[in-house]
Amino acid sequence: MAKIVVIASGKGGVGKTTTSAAVATGLAMRGHKTVVIDFDIGLRNLDLIMGCERRVVYDFVNVINGESNLNQALIKDKRIEELFILPASQTRDKEALTQEGVEIVLTELKQRFDFIVCDSPAGIEHGAIMAMYFADEAIIVTNPEVSSVRDSDRIIGMLASKTYRAEHNMTPIKEHLLITRYAPKRVNSGEMLSAEDVQEILAIPLLGVIPESTSVLQASNAGIPVTLDKESDAGQAYLDVVARFLGENRPHRFMTSFKKNFLTRLFGN
Amino acid sequence: MSFFDYFRSSHQRKTADVAKERLQIIVAHERSKRNNPQPDYLPLLQKELLEVVRKYVVVEDEHIKVHIEKDGDYEVLEVNIALPETENRR
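Keep in mind it's a predicted model, so treat the numbers as computed, not measured.

### Section: the overall build of chain A
Piece 1. Scanning chain A from N- to C-terminus turns up 13 helices and 8 strands.
Piece 2. Taken over the C-alpha trace, chain A has a radius of gyration of 18 Å; the compact-globule value for 269 residues is 18 Å, and the two agree within 12%.
Piece 3. In terms of its C-alpha atoms, chain A occupies a principal-axis envelope of roughly 65 × 40 × 35 Å.
Piece 4. Contacts in chain A between residues far apart in sequence, at least 24 positions, make up 73% of those at least 6 positions apart.
Piece 5. Put simply, chain A shows about 12100 Å² of open surface, and 50% of that area lies on carbon and sulfur atoms.
Piece 6. Taken together, the 30 basic and 34 acidic charged side chains of chain A have centroids lying 5 Å from each other.

Have a look at this one:
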């Protein structure tokens, strides 16, 4: 049975699109047929992060409006088998995403894929609600920073009230917390919320922690999902996240800084 | 924390602790608002109350506050109207 997974956060710039690309790629690397959909109508960016921006001809809204069929709009990734991208429209306004239209497209995708990853736009408006509405599971991307944590809590509230599962009294959406841009060193010195603190405030299970890493910008510069950079800490952290999402037991990594030597312990950093 | 930190900032609170405490308070507040939404009729009630009061006193829209509070098994409807200075009375 296909699973619809929304990547949400409320606040912008915390790493939703990076996470959508990395998780979708990771799932496909594990052999699952996966499609990742950009719900940010008017501000398409997933295509850039996935490195397929020059191959976009038709988009999500074209499919909803019947201007193209799904096969014409789906872009097959050239690196990973079983990975497809459905880009957002760059020109339309976001009201173009009707609930009926989204439902028809998702129903068709469910016949063909194991995982449908929905990259939500920032905010709590129509586009964000459409991205989460039909979800079975949600990955809440949060930075260890006050405004991001508060906005994540808003999104968690919306998952419990404004979605298909909530409105039809079904089993609630399964929520996962993903903390990104984590700097263990700053956590140790008391200037950044710890993963435990964030998890305690939001009270949903911790799926993983992605360390602040230069490899994330380098990956987006090149249009390569960071999961494909297996040498990088962020890439490895995302691979762990995908494994845990699939039900494997993997210990958390990248949550502590390197052991301090005697001199730094004495004099500080 | 280094050896010298004990002298530098022993009674200065870490900002991460401040952040956690602020978040716990605001998140709890916003959750309780979410879980006990105010009834739909409240805006209309506020509008009509304002119309009645305006027959007698000049009151700005923002000077009337209506809300319902739940306390255990009873609810309290609270109407708060700030009256203007005497010269504005009709």
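### Digging into the sheet that holds strand β5 (residues 115-119) of chain A
All names here are of chain A.
Piece 1. Reading across from one edge, β3-β4-β2-β5-β1-β6-β7-β8 is the order of the 8 strands in this open sheet, with mixed pairing throughout. Where the open sheet ends on each side, the last strands, each with one partner, are β3 (75-76) and β8 (206-211).
Piece 2. Looking at chain direction, β3 and strand β4 (residues 83-86) are connected through 2 bridges and run antiparallel. Pairing of Lys 76 across the sheet is with Phe 84, part of β4.
Piece 3. Contacts from helix α1 (residues 16-29) reach β1 (3-8), β2 (34-38), β4, β5, β6 (137-142) and β7 (174-182) within the one sheet, and its direction differs from that of β5 by about 170 degrees.
Piece 4. The sheet strands contacting helix α7 (residues 146-159) are β1, β6 and β7, and the helix crosses β6 at an angle near 165 degrees.

Conventions we followed
Residues numbered from 1 in each chain as written. Chains lettered and ligands numbered in written order. Predicted model: local features only at pLDDT ≥ 70, side-chain atom pairs only at ≥ 80, totals over all residues. Heavy atoms only, no water. Helix = DSSP H or I, 4+ residues; strand = E, 2+ residues; numbered from the N terminus. Rg over C-alpha atoms; globule rule 2.2 N^0.38 Å. Contact = heavy atoms within 4.5 Å. Areas by Shrake-Rupley, 256 points an atom, 1.4 Å probe, with all protein chains shown as cover. Lys, Arg positive; Asp, Glu negative; His and termini not counted. Charge placed at Lys NZ, Arg CZ, Asp CG, Glu CD. Pairing = 2+ DSSP bridges. Axes fitted to C-alpha atoms, helices over the stretch in contact; angles between N-to-C directions.

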